[in-house]
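Letter by letter, the chains look like this.
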Amino acid sequence: MNENIETKSLGVDSGRVIRAFGQEAHVLVSSEQTADAFCVLRVSFPPGNVTPPHLHRATDETFLIESGEIEINRGGELLRGRKGDVIYLPKGIPHALRVIGNAEGVALVVYVVPGGFDRFFAACAEEFKKGEPEMPLLVKLAAQYGIEFQSGPPS
């Protein structure tokens, strides 16, 4: 019965590491490998790291937390996640993340339909290599990928 199911290994692109926003992302499955259907990153967040409030117009995010503790403000609802927890962030809802406590946070993050978040993060990483980029430049880059930074407190 399973003989008609075609399987194809996507391979693992974990050798590709992207650094931006004080975070380090290992690309496990790239957007290119999935024809932009999704991408999977293993992201390390240092203690106290804060991601500015933003939303994705077309991309859902799912965090599978491997270690540490994070807090996500999802549209005004504060969610806390620890090892083993899963936090879903649907497209169109503003959210911001911060690491709680003194431990690094690590999460597998799945970005679904369309993929490309890995390309956005890589474009930001190129700007961070030059020094701390100005927010207007990051806002412009984000807009190219359907991401909007929001004003207001991160959590």
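Whatever comes next refers back to the structure up there.
Heads up: these notes are all about the structure in this document. (Residues numbered from 1 in each chain as written. Predicted model: local features only at pLDDT ≥ 70, side-chain atom pairs only at ≥ 80, totals over all residues. Heavy atoms only, no water.)

With a phi close to 60 degrees, Phe-21 is a non-glycine residue in the positive phi region. Along the chain, the position of Phe-21 falls in the loop between β1 (17–20) and β2 (23–29). Residue Phe-21 is classed as buried on the basis of its relative accessible area of 16%. The phi torsion at Asp-36 lies on the positive side, around 70 degrees, for a residue other than glycine. Structurally, the position occupied by Asp-36 is in the loop between β2 and β3 (38–45). (Helix = DSSP H or I, 4+ residues; strand = E, 2+ residues; numbered from the N terminus. Buried < 20%, exposed > 50% of the residue type's maximum accessible area, 1.4 Å probe, protein only.)

For the rest of this paragraph, the subject is the packing of helix α1 (residues 117–129) against helix α2 (residues 135–143). Their axes nearest at 10 Å, the elements α1 and α2 cross at an angle of 160 degrees. Considering their axes alone, α1 and α2 lie roughly antiparallel with respect to each other. Relative to α2, the crossing made by α1 is right-handed. The residues of α2 that touch α1, namely those facing Phe-120, Ala-123, Cys-124, Glu-127 and Phe-128, are Leu-137, Leu-138, Leu-141 and Ala-142. Split into classes, the residues belonging to the contact of α1 with α2 amount to 8 nonpolar, no polar and 1 charged. (Axes fitted to C-alpha atoms, helices over the stretch in contact; angles between N-to-C directions. Parallel < 35°, antiparallel > 145°, perpendicular 65-115°, else oblique. Left-handed = near helix turned anticlockwise from the far one by under 90°. Contact = heavy atoms within 4.5 Å. Nonpolar A, V, L, I, M, F, W, Y, C, P; charged D, E, K, R; others polar.)

Okay, empty space enclosed by the protein next. Evaluated as defined, the whole model comprises 1 cavity of 30 Å³ or more. In this model, the largest cavity occupies a volume close to 240 Å³. For the largest cavity, the lining is made up of 22 residues, of which Gln-23, Thr-51, His-54, Tyr-111 and Phe-117 are closest to its centre. Counting only elements with at least two residues in the lining of the largest cavity, the list comes to β2, β3, β4 (50–56), β5 (60–67), β9 (95–100), β10 (105–112), α1 and β11 (147–149). By residue class, the composition of the lining of the largest cavity is 17 nonpolar, 4 polar and 1 charged. (1 Å grid on protein atoms, 1.4 Å probe; cavity = no way out; pocket = protein on both sides within 12 Å on 5 of 7 lines; lining within 4 Å. Points joined across faces, edges and corners; volume = space filled by probe spheres on them.)

Moving on: α2. Within the span of α2, buried status applies to Leu-138, Leu-141 and Ala-142. In an axial view of α2, the angular spread of the buried residues amounts to 100 degrees, which keeps them on one side of the axis. Summarising the geometry of α2, the exposed residues directed more than 90 degrees from the buried face are Pro-136, Lys-140 and Ala-143. Where α2 is buried, its residues contact α1 and β11. (Arc of directions from axis to C-beta.)

Before going further, it helps to spend a moment on the packing of aromatic side chains. Under the definition given, this model contains 7 aromatic pairs. In textbook terms, an aromatic cluster arises when at least three aromatic residues are bridged by ring pairs, as seen for Phe-21, Tyr-111, Phe-117, Phe-120, Phe-121, Phe-128, Tyr-145 and Phe-149. (Phe/Tyr/Trp six-rings, centres within 6.5 Å; stacked < 30°, edge-to-face > 60°.)

Structurally, Phe-120 can be placed in helix α1. Judged by relative accessible area, which is 3%, Phe-120 ranks as buried. When the C-alpha positions of Phe-120 and Ile-147 are compared, they lie 9.2 Å apart, and in sequence the two are 27 residues distant. Apart from the residues within four sequence positions on either side, Phe-120 is in contact with Phe-21, Leu-138, Leu-141, Ala-142, Tyr-145 and Ile-147.

Turning our attention to the sheet that holds β10. Across the sheet, which stays open at both edges, the 6 strands sit in the order β1-β2-β3-β10-β5-β8 with antiparallel pairing between neighbours. The two strands at the open ends of the sheet, each matched to only one other strand, are β1 and β8 (86–89). The sheet shows a mean angle of 25 degrees between the axes of neighbouring strands, direction not considered. Pairing of β2 with β3 involves 5 bridges; the strand directions are antiparallel. Each bridged residue has a counterpart across the sheet, and for Val-27 the counterpart in β3 is Leu-41. In this fold α1 packs onto β1, β2, β3 and β10, with an angle of close to 60 degrees to the strand it touches most, β1. (Pairing = 2+ DSSP bridges.)

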